[in-house]
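Structure assessment
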Amino acid sequence: MKGGLRIRLVSNPLAICTAGFNVKKTTSASLGTVTAGHCLELSNSTGIDYWGHADSPTHAVNIGSELLETWYQNSDADVGLISYDVDTVAALGYRNDLHIADPSTTGTVTGEQSTTTQVFGDPVCRMGWGTYNASPTPKQGRTCGTVGKNINVSRLSCEEGLTGNCRTIKHQWEVSFDSLPGDSGGPIYRQITPPQQFYRAYGTHVHSGSGAGAVGWYSPIDWGELEYYETSGLQYTFTVCITQTCL
């Protein structure tokens, strides 16, 4: 498992988002993935909701269960965690990996870029399942551009495929490219040492506009961590894996 892969709600294989960065909970060191909080609202309302990645042997092999999310009106970030099932993900493998190009090109996440050091014009990219699925062969899910002019602003975040079911999320940063349904939760990242495949985590893709000149927006990674901590009642948060063991 790595950032940038498709994730699917096990109870509804049509509910698809994108895994963000591999993370660990700071209190327990349990591992998981961060994605958009509104993705976790795609629940079947029957208790714990499980998420998967692959299509076989069932519609979505279980990778773990969803935890807390921060998708509410005037939230400071739109993030949520899926806690990995230890046995399943141990077989798949996990580390500080990032899916950064098709087919199967992997990068290494070596750090987080704090909000205070993200600036207009920074070159960034996003991996997203929606973009991948809609692209012609050879498939490409990566979209690149720059951090946009509108930073630390309030923007809508809407539940996938449900027009009008939206929340206003604060502290969003724009990017110069839009998105497609299924890209939600995808990692926003920057290559830091070309041509080596080393990257820094910028944030979690949330939503985008539509039409000509449309832009997207994301929750900066440290705002996501802070909001998750506050939403949990100051009990726990998460950090991005930046070593192979995520320790």
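I will try to describe carefully the structure that is included in this document. Since the structure is predicted, the reported quantities are computational estimates derived from the model, not experimental observations.

**What about the sheet that holds strand β17 (residues 238-240)?**
In sheet architecture, strand pairing relies on hydrogen bonds along the backbone and comes in two forms, parallel and antiparallel. Across the sheet, which stays open at both edges, the eight strands sit in the order β2-β1-β5-β6-β7-β4-β3-β17 with antiparallel pairing between neighbours. Edge positions in the open sheet fall to β2 (12-18) and β17, since each of these has one partner strand only. Averaged over all neighbouring strand pairs, the angle between strand axes comes to 40°, with direction disregarded. Pairing analysis gives three bridges linking strand β3 (residues 22-25) to strand β4 (residues 31-35), with the strands arranged antiparallel. Opposite Asn22, over in β4, you have Thr33 as the bridge partner. Each of β6 (62-69), β7 (80-84) and β17 is contacted by helix α3 (residues 221-231), which is oriented at about 160° to β17, the strand it contacts most.

**Remarks on the packing of aromatic side chains**
Any aromatic ring pair is given by two values, namely how distant the centres are and how the planes are angled relative to each other. Under the criterion given, the structure shown has four aromatic pairs. Put simply, the rings of Tyr228, Tyr236 and Phe238 pair up and form one aromatic cluster.

**Here we look at the state of the cysteines**
Following the criterion strictly, the structure yields four disulfides and no others. With its sulfur 2.0 Å from that of its partner, Cys125 forms a disulfide with Cys144. When the S-S torsion is 105°, as for the bridge of Cys125 with Cys144, the disulfide is right-handed. Of the two residues, Cys125 sits in strand β10 (residues 123-127) while Cys144 sits in strand β11 (residues 142-146), which places them 19 residues apart along the sequence. The class of Cys125 is buried, set by a relative accessible area of 14%. Look at Cys144 and you get partly exposed, because its relative accessible area is 44%. Paired by a disulfide, Cys241 and Cys246 hold their sulfur atoms 2.5 Å apart. Given an S-S torsion of about 115°, the disulfide between Cys241 and Cys246 has right-handed geometry. We classify Cys241 as buried; its relative accessible area is 3%. By relative accessible area, which is 3% here, Cys246 ends up buried. By sequence-ordered numbering of the bonded cysteines, the chain has its disulfides arranged as 1-2, 3-4, 5-6, 7-8.

**A short note on the pairing of β4**
Buried residues dominate β4, accounting for five of its five residues. Burial of β4 is two-sided: the residues Leu31, Thr33 and Thr35 facing one way and the residues Gly32 and Val34 facing the other way are all buried. Of the pairings in the sheet, the one linking β4 to β7 comprises four bridges and is antiparallel in character. What sits directly across from Val34, in β7, is Leu81.

Calculation notes
- Residues numbered from 1 in each chain as written.
- Predicted model: local features only at pLDDT ≥ 70, side-chain atom pairs only at ≥ 80, totals over all residues.
- Heavy atoms only, no water.
- Pairing = 2+ DSSP bridges.
- Helix = DSSP H or I, 4+ residues; strand = E, 2+ residues; numbered from the N terminus.
- Axes fitted to C-alpha atoms, helices over the stretch in contact; angles between N-to-C directions.
- Contact = heavy atoms within 4.5 Å.
- Phe/Tyr/Trp six-rings, centres within 6.5 Å; stacked < 30°, edge-to-face > 60°.
- Disulfide = S-S within 2.5 Å.
- Buried < 20%, exposed > 50% of the residue type's maximum accessible area, 1.4 Å probe, protein only.

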